[in-house]
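# A structural walkthrough
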There are 2 protein chains.
Amino acid sequence: MAGIEEVAKKAGVSTATVSRALSGRGYVSEATRSKVRGAASELGYVVSSTASGLASGRTRNVGVVVPLLSHWYFSTVVEGAETALLRRGYDTTLYNLMGGEAERRSVFTHFLLRKRVDAVIAINLELTVDEVRALHDLRKPLVGIGGPIPDVPTLALDDFEVARLATSHLAGLGHRRIGHIGGGREFDIDFHLPTTRRRGYEVALADAAITLDERLIRPADFTMKGGYVAAKQLLGSPVDRPTAIFAASDEMAIGAILAARDLGLSVPRDVSIIGVDDNQQAPFFDLTTIAQFPRQQGETAVDLLLAELGESTTAPTDLNLPFELVVRGSTARPQE
Amino acid sequence: MAGIEEVAKKAGVSTATVSRALSGRGYVSEATRSKVRGAASELGYVVSSTASGLASGRTRNVGVVVPLLSHWYFSTVVEGAETALLRRGYDTTLYNLMGGEAERRSVFTHFLLRKRVDAVIAINLELTVDEVRALHDLRKPLVGIGGPIPDVPTLALDDFEVARLATSHLAGLGHRRIGHIGGGREFDIDFHLPTTRRRGYEVALADAAITLDERLIRPADFTMKGGYVAAKQLLGSPVDRPTAIFAASDEMAIGAILAARDLGLSVPRDVSIIGVDDNQQAPFFDLTTIAQFPRQQGETAVDLLLAELGESTTAPTDLNLPFELVVRGSTARPQE
DNA sequence: GTGAAAGCGCTAACAG
DNA sequence: CTGTTAGCGCTTTCAC
């Protein structure tokens, strides 16, 4: 366990110079710098993050807070953020809020305040003003994904436009009876995502001069099973059956595909189905979907954060997250 | 940002007493302790983990290293570990090695050595002796999941027995032609899991006096698509088609179910299918499987680790991870 | 461009 | 049971 002193001795300089040479702060001649680097690596020296953190106030550690980890979307965002942070020399400390209110309180009143992290990324979390203030008081930059969070720069997907694009794709193919799975107000957590997507669906219908039929809208819980059950309802009746379905997530869309199959309907011949996400299973089910890019979202959040920490000059200017229609085999023109 | 000094003043004691009262180390009278607690919470005092870490050598932070995060198994193990750690007052710092060799090297030669963590949990990672030594030299306890790693206590699933149990379930139902998906030596990473499971399959066949038929074994890559493709091969030919399939993972088993459906075969009437994992989709597909419990695995790893850190007396004694046959609707007796 | 030295905020002997 | 005090290993003025 070599310390800075030994490196200094070996390089024939002072500890102050070693610190400057290795951290890149302050002036050091190129010659000295490489001498120090050499000594450090020969000794296997790595700065102690606790000592450095105490002295400088910077920990090179970022807290990433998620409501849940064991789901494709969240684990992929975290993966993207962790990779980007590691590349910049930062560690990632993970806080999963799944445990409920008590756990959430302890994270915000204790864990995040003990100066282990320089900044925080909050993923799909509706933070209270108190939670935001606690972090602001500590001068910890905070960025969100999936916002909006008041007073916090937040990367967000335009769910309204996403839904509108998906629905327009179906309308553009010639569908007139388009069902929707996912618009239940009872699942209106997460910044009202279900309601917003439903509004996009409704507006796209209006754009195409299609009259809204409330019976074609089924609430569901964003799981494959929920999509399956909803689609069975939608597709089960032989009269006035929709020829297309916009599901607000890929999981529900895949559930709908399986429901269609179980009903003896062929996708896309008898019914077209489109989802949202482009998750890992979408290609296998040949699902047309609106892709979002969670890994990139994590990386972009890191760019934004490092800019706030003054570590970078390339702050993303557009806080709107990209999305893209991916046309695969689950959508087609309706039959004549 | 109140410091320990202010708390000490407010409580009318010394900083040392505050430290003792709050950390629980050393003797403090109950009266003093509650006085200190009161003062601390009034001031919103939270110990600085950098200062505390520097002074004590303990960071109350554990590193969790995974080869990949965006997969059900890994994110669930991490979730379990994070929850258990948070409950004990520990933070979780995540290292994802997905980036390849360079990233892996930097994690082991730099990130883990900078004294940010007290201990390390390695999930499904074949650590080199150098990597283990680097950690041992720092006196950082290390526990593995999915081992074995030399010189490291490792929680592991007995893949041989898992496969044997799955195959015996099928044989016990009366199946004689039992296929296997997943035994490819070409996917033999992860401690030879595929090969071990294949051996369990072979031994179970022998137990049931069934002659091994090499044509009934198809290698696959542990994805749904891989399972689908392999099952199509296995089930496609009308003669000598297996009446049951043991897939080495639920994802492949689900792919096999979908392949059977596409071939017009009914599960379980025409073919029984069993998987391994009990992942989140298994119930939806009514899949019989050998469950493993990744969340608990993460928690158990934490128990083991905290025992090594001297924080706990309840070290798990059995390093064999539990598994369990979950019979659902995808397996049944073969047709007469 | 480099060195000397004063902390950063807490913990852990040690003494009482 | 509690207070005093000397660090923990760096970073950062401030001189030079």
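The text that follows walks through the structure, step by step, so that each part is easy to find. (Residues numbered from 1 in each chain as written. Chains lettered and ligands numbered in written order. Predicted model: local features only at pLDDT ≥ 70, side-chain atom pairs only at ≥ 80, totals over all residues. Heavy atoms only, no water.)

What follows covers the sheet that holds strand S1 (residues 61-66) of chain B. With mixed pairing, 10 strands are arranged side by side in an open sheet as S5(A)-S4(A)-S3(A)-S1(A)-S2(A)-S2(B)-S1(B)-S3(B)-S4(B)-S5(B). Each having just a single partner strand, strand S5 (154-155) of chain A together with strand S5 (154-155) of chain B make up the two edges of the open sheet. Both strand S1 (residues 61-66) of chain A and strand S2 (residues 91-96) of chain A contribute to a ladder of 6 bridges, which runs parallel. Paired with A:Val65 across the two strands is A:Tyr95, which belongs to S2(A). Sitting on the sheet, helix H5 (residues 72-87) of chain B touches S2 of chain A together with S1, strand S2 (91-96), strand S3 (119-123) and strand S4 (142-145) of chain B, and the angle it makes with S2(A) is about 80°. (Pairing = 2+ DSSP bridges. Helix = DSSP H or I, 4+ residues; strand = E, 2+ residues; numbered from the N terminus. Contact = heavy atoms within 4.5 Å. Axes fitted to C-alpha atoms, helices over the stretch in contact; angles between N-to-C directions.)

Turning to the interface of chain B and chain A, a few remarks are in order. Facing 53 residues of chain B, the contacting portion of chain A comprises 53 residues. Looking at the side of chain B facing chain A, the largest losses of area belong to B:Arg114, B:Arg116 and B:Phe284, adding up to 13% of the total buried there. Our enumeration of links across chain B and chain A arrives at 4 salt bridges. The residue A:Asp91 makes a salt bridge to B:Arg114 at a minimum N-O spacing of 3.2 Å. Between chain B and chain A we count 24 residue pairs in polar contact (both at pLDDT 80 or more) in total. Contributing elements (two or more residues each) for the side of chain B that touches chain A: helix H4 (49-56), H5, S2, helix H6 (101-109), helix H10 (224-236) and helix H11 (250-262) of chain B. Sort the elements by how many residues they give to the side of chain B that touches chain A and H5(B) lands first, with 7 residues. Here the residues of the side of chain B that touches chain A sort into 22 nonpolar, 19 polar and 12 charged. (Buried area = accessible area lost by both parts, 1.4 Å probe. Salt bridge = Lys/Arg side-chain N within 4 Å of Asp/Glu carboxyl O. Polar contact = N/O pair within 3.5 Å; in protein donor to acceptor, adjacent residues only side chain to side chain. Nonpolar A, V, L, I, M, F, W, Y, C, P; charged D, E, K, R; others polar.)

Turning to the protein's contact with DNA strand C, a few remarks are in order. Around DNA strand C, the surrounding shell holds 25 residues, and the nearest of these are A:Thr17, A:Thr32, B:Ile4, B:Ser19 and B:Arg58. In the environment of DNA strand C, a phosphate oxygen lies 2.9 Å from a nitrogen or oxygen atom belonging to the backbone of A:Ser14. Between a phosphate oxygen of DNA strand C and a side-chain N or O atom of B:Arg58, the distance comes to 2.5 Å. Counting only elements with at least two residues in the surface near DNA strand C, the list comes to helix H2 (15-23) and helix H4 (49-56) of chain A together with helix H2 (15-23) and H4 of chain B. When its residues are assigned to classes, the surface near DNA strand C shows 11 nonpolar, 10 polar and 4 charged. (Near = heavy atom within 4 Å.)

Glancing now at the sheet that holds strand S6 (residues 178-181) of chain A. Residue and element names in this part refer to chain A. The 6 strands lie next to each other as S7-S6-S8-S9-S10-S11, forming an open sheet whose pairing is mixed. Two strands close off the open sheet at either side, each with one partner strand: strand S7 (217-218) and strand S11 (323-326). As judged from the 4 bridges shared by S6 and strand S8 (residues 244-247), these two strands associate in the parallel manner. By the bridge assignment, Gly179 is partnered in S8 with Ile245. Packing against the sheet, helix H9 (residues 193-207) makes contact with S6, S7, S8 and strand S9 (272-277), and its axis sits at approximately 175° to S6.

Another point: the protein's contact with DNA strand D. Taken together, 25 residues surround DNA strand D, and among them A:Ser19, A:Arg58, B:Thr17, B:Ser29 and B:Thr32 come closest. When the atoms of DNA strand D within 4 Å of the protein are grouped by moiety, sugar and phosphate amount to 61% of the total. One nitrogen or oxygen atom from the main chain of B:Ser14 is found 2.9 Å from a phosphate oxygen belonging to DNA strand D. In this structure, a base oxygen belonging to DNA strand D sits 3.3 Å away from a main-chain N or O atom of B:Ala55. Of all the secondary-structure elements, those providing two or more residues to the surface near DNA strand D are H2 and H4 of chain A together with H2 and H4 of chain B. Among the elements that take part in the surface near DNA strand D, H4(A) stands out by supplying 4 residues, more than any other. For the surface near DNA strand D, a count of residues per class yields 11 nonpolar, 10 polar and 4 charged.

The next subject is the relation of the copies chain B and chain A. What relates the two chain copies is a rotation about an axis together with a slide along it. Superposing chain B onto chain A requires a rotation of 180° together with a translation of 0.1 Å along the rotation axis, leaving an RMSD of 0.1 Å. Such values leave the two copies arranged in the relation of a two-fold axis. A share of 100% of the interface residues of chain B reappears at the interface of chain A, consistent with the copies meeting face to face through the same patch. (Least-squares fit on C-alpha atoms with pLDDT ≥ 70 in both.)

This brings us to the pattern of salt bridges. Residues and elements named next belong to chain A. Enumeration according to the criterion identifies 36 salt bridges over all chains in this entry. The partner of Arg198 in a salt bridge is Glu214, with the nearest N and O atoms 3.2 Å apart. Here Arg198 is found in helix H9, whereas its partner Glu214 is found in the loop between H9 and S7, with 16 residues between them in sequence.

Our focus in this paragraph is the packing of aromatic side chains. Inspection of every chain in the model, using the stated rule, returns 10 aromatic pairs over all chains. Aromatic pair A:Tyr228 and B:Phe284: ring centres 5.5 Å apart, planes at 80°, arrangement edge-to-face. Of this pair, A:Tyr228 sits in helix H10 (residues 224-236) while B:Phe284 is found in the loop between strand S9 (272-277) and strand S10 (288-291), placing the two residues in two different chains. Residue A:Tyr228 is classed as buried on the basis of its relative accessible area, which comes to 18%. A residue is classified by how much of its surface remains accessible, and B:Phe284, at 22% relative accessible area, is partly exposed. One aromatic cluster is present, built from ring pairs that chain together A:Trp72, A:Tyr73 and A:Phe74. (Phe/Tyr/Trp six-rings, centres within 6.5 Å; stacked < 30°, edge-to-face > 60°. Buried < 20%, exposed > 50% of the residue type's maximum accessible area, 1.4 Å probe, protein only.)

All names here are of chain B. Burial along S10 is two-sided: Thr288 and Ile290 facing one way and Thr289 and Ala291 facing the other are all buried. Where S9 and S10 come together, 4 bridges link them in parallel fashion. Each bridged residue has a counterpart across the sheet, and for Val276 the counterpart in S10 is Ile290. Relative to strand S11 (residues 324-326), S10 runs antiparallel, the two sharing 3 bridges.

Time to look at the packing of helix H1 (residues 4-11) of chain B against H2(B). Residue and element names in this part refer to chain B. Interhelical geometry of H1 versus H2 gives an angle of 95° and a closest axis separation of 8 Å. Here H1 lies roughly perpendicular to H2, going by the angle between them. Contacts between H1 and H2 involve Ile4, Glu5, Val7 and Ala8 from the former and Thr15, Val18 and Ser19 from the latter. Grouping the amino acids of the contact of H1 with H2 by side-chain chemistry returns 4 nonpolar, 2 polar and 1 charged. (Parallel < 35°, antiparallel > 145°, perpendicular 65-115°, else oblique.)

The next point concerns the nonpolar core. Counting 86 residues, the largest nonpolar core has A:Ile121, A:Ile123, B:Ile121 and B:Ile123 as its most contacted members. With 50 residues, the next largest nonpolar core counts A:Tyr228, A:Ala247, B:Ile181 and B:Ala248 among its residues. (Core = buried A, V, L, I, M, F, W, Y, C linked by side-chain atoms within 4.5 Å.)

What follows concerns the packing of H10(B) against H11(B). All names here are of chain B. The interhelical angle for the contact between H10 and H11, taken along N-to-C directions, is 45°, at an axis separation of 7 Å. Viewed along their axes, H10 and H11 adopt a mutual orientation that is oblique. Handedness of the crossing formed by H10 with H11: right-handed. Taking contact as the criterion, the partners of Met224, Gly227, Tyr228, Ala231, Lys232 and Leu235 in H10 are, on H11, Glu251, Met252, Ile254, Gly255, Ala256, Leu258, Ala259, Ala260 and Asp262. (Left-handed = near helix turned anticlockwise from the far one by under 90°.)

Below, the discussion takes up H2(A). Residues and elements named next belong to chain A. Listed in full, the buried residues belonging to H2 are Thr17, Val18 and Ala21. One face of H2 carries all of its buried residues, which in axial projection span an arc of 100°. Lining the buried residues of H2 we find helix H1 (4-11) and helix H3 (30-43). After H2 finishes, the residue Gly24 shows a positive phi value of roughly 80°. (Arc of directions from axis to C-beta.)

Purely geometric stuff here, so don't read any function into it on its own.
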